[in-house]
Amino acid sequence: MVEYDELRGRIAAMEAPLGELRSAVDMDAIAAELGELEQQTAAEGFWNDAEASQKIFQRISSLKQKRDGILSLQTQYEDLQTLLELAEEAEDLSLQPEITAAADALERDITALVEYRDDGSGGVEAVYTYGTSVQPYTKSVRTVSLNGASAAQPGIGNGAEEG
């Protein structure tokens, strides 16, 4: 449906940044560390050292927050794709404002986790930062060409991936 073409393109453009964010956060490493820490909490004598046990629970909480945040973004993305497909199949234009609002919100959430920095060679480095202000997780995962976009924040889907 022609009315949904722009939205379909916007939603599709969110896939790469979401994948890069999952990669930067390393969901497999989070799952492995959570498993190890949760095993430690079940060990005999775990509660004998209150300070150590508190640190472990803080780390578990931090990891779960990070994992759940990424999973939430992924779920929102998948739900948005499904809603768009259903609206197109039913030729229901009444859903366009709802889909647009959801796409705007998801785009803002993803973009809030990305800082674009000049890479010094005419491109922009996308640096994903996720976590708390006390312990952020930052990883540079790609460089994009500006192609006329603002160096301060090219936005989702602008530029071409280079590395």
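Structure shown above.
Residues numbered from 1 in each chain as written. Predicted model: local features only at pLDDT ≥ 70, side-chain atom pairs only at ≥ 80, totals over all residues. Heavy atoms only, no water.

### As for the nonpolar core
Here is the rule: By nonpolar core we mean a set of buried residues, namely Ala, Val, Leu, Ile, Met, Phe, Trp, Tyr and Cys, connected to one another through side-chain atoms within 4.5 Å. When a residue's accessible area, from a 1.4 Å probe over protein chains only, is under 20% of the maximum for its type it is buried; when over 50% it is exposed; and in between it is partly exposed. The helix count covers DSSP runs of H or I at least four residues long, the strand count covers runs of E at least two residues long, and both are numbered beginning at the N terminus. Contacts are assigned to residue pairs that have any heavy atoms within 4.5 Å of one another.
Of all hydrophobic cores here, the largest spans 27 residues; its most connected members are Tyr4, Ile11, Ile99 and Leu106. Within the residue set of this core, elements represented by two or more residues are helix H1 (5-13), helix H2 (15-25), helix H3 (27-42), helix H4 (50-89) and helix H5 (96-112). With sequence-adjacent residues up to four places away left out, isoleucine 11 is seen in contact with Tyr77, Leu80, Gln81, Leu84, Ile99 and Ala103.

### Some remarks on the packing of H1 against H2
Our working rule: Comment: axis = line fitted to C-alpha atoms, over the contacting stretch for helices; angle = value between 0 and 180 degrees taken between N-to-C directions. Our angle categories are set so that under 35 degrees counts as roughly parallel, over 145 as roughly antiparallel, 65 to 115 as roughly perpendicular, and the remainder as oblique. Polarity classes work like this: nonpolar for Ala, Val, Leu, Ile, Met, Phe, Trp, Tyr, Cys and Pro, charged for Asp, Glu, Lys and Arg, and polar for all others, with Gly in that last group.
Where H1 contacts H2, the axes come no closer than 4 Å and their chain directions differ by 15°. Here H2 runs roughly parallel to H1, going by the angle between their axes. Within the contact between the two elements, H1 uses Ile11, Ala12 and Ala13 and H2 uses Glu15, Ala16 and Pro17. Tallied by class, the residues present in the contact of H1 with H2 amount to five nonpolar, no polar and one charged.

### Considering the side chain of arginine 10
Its location among the elements puts arginine 10 in helix H1. Arginine 10 sits in the buried class, given a relative accessible area of 19%. Excluding anything up to four places from it in sequence, arginine 10 contacts Thr100, Ala103, Asp104 and Glu107.

### Details of H2
Applicable threshold: An arc is given here, and it is the one of the directions from the helix axis to the C-beta atoms.
Listed in full, the buried residues belonging to H2 are Pro17, Leu18, Glu20, Leu21, Ala24 and Val25. Take H2 and look down its axis: the buried residues cluster within an arc of 165°, on one side only. Residue aspartate 26 follows H2 closely and has a positive phi angle near 60°.

### Comments concerning the packing of aromatic side chains
Note the threshold: In this scheme Phe, Tyr and Trp rings, the latter by its six-membered ring, pair at centre separations within 6.5 Å, and the angle between planes marks the pair as stacked below 30 degrees, edge-to-face above 60, and tilted otherwise.
Following the criterion strictly, the structure yields three aromatic pairs and no others. A ring pair is formed by phenylalanine 46 and tryptophan 47, whose centres lie 5.0 Å apart and whose planes are at 80°; its orientation type is edge-to-face. Looking at phenylalanine 46, the relative accessible area reads 9%, which means it is buried. Plain terms: the ring middles of tryptophan 47 and phenylalanine 57 are 5.4 Å apart, the flat faces sit at 20° to each other, and that makes the pair stacked. Remark: phenylalanine 57 occurs in helix H4 and tryptophan 47 occurs in the loop between H3 and H4; sequence separation between them is 10 residues. Here phenylalanine 57 falls in the partly exposed class, since its relative accessible area comes to 37%. Among the aromatic residues, those joined into a cluster by ring pairs are Phe46, Trp47 and Phe57.

Treat this as a map of the structure, not an account of what it does.
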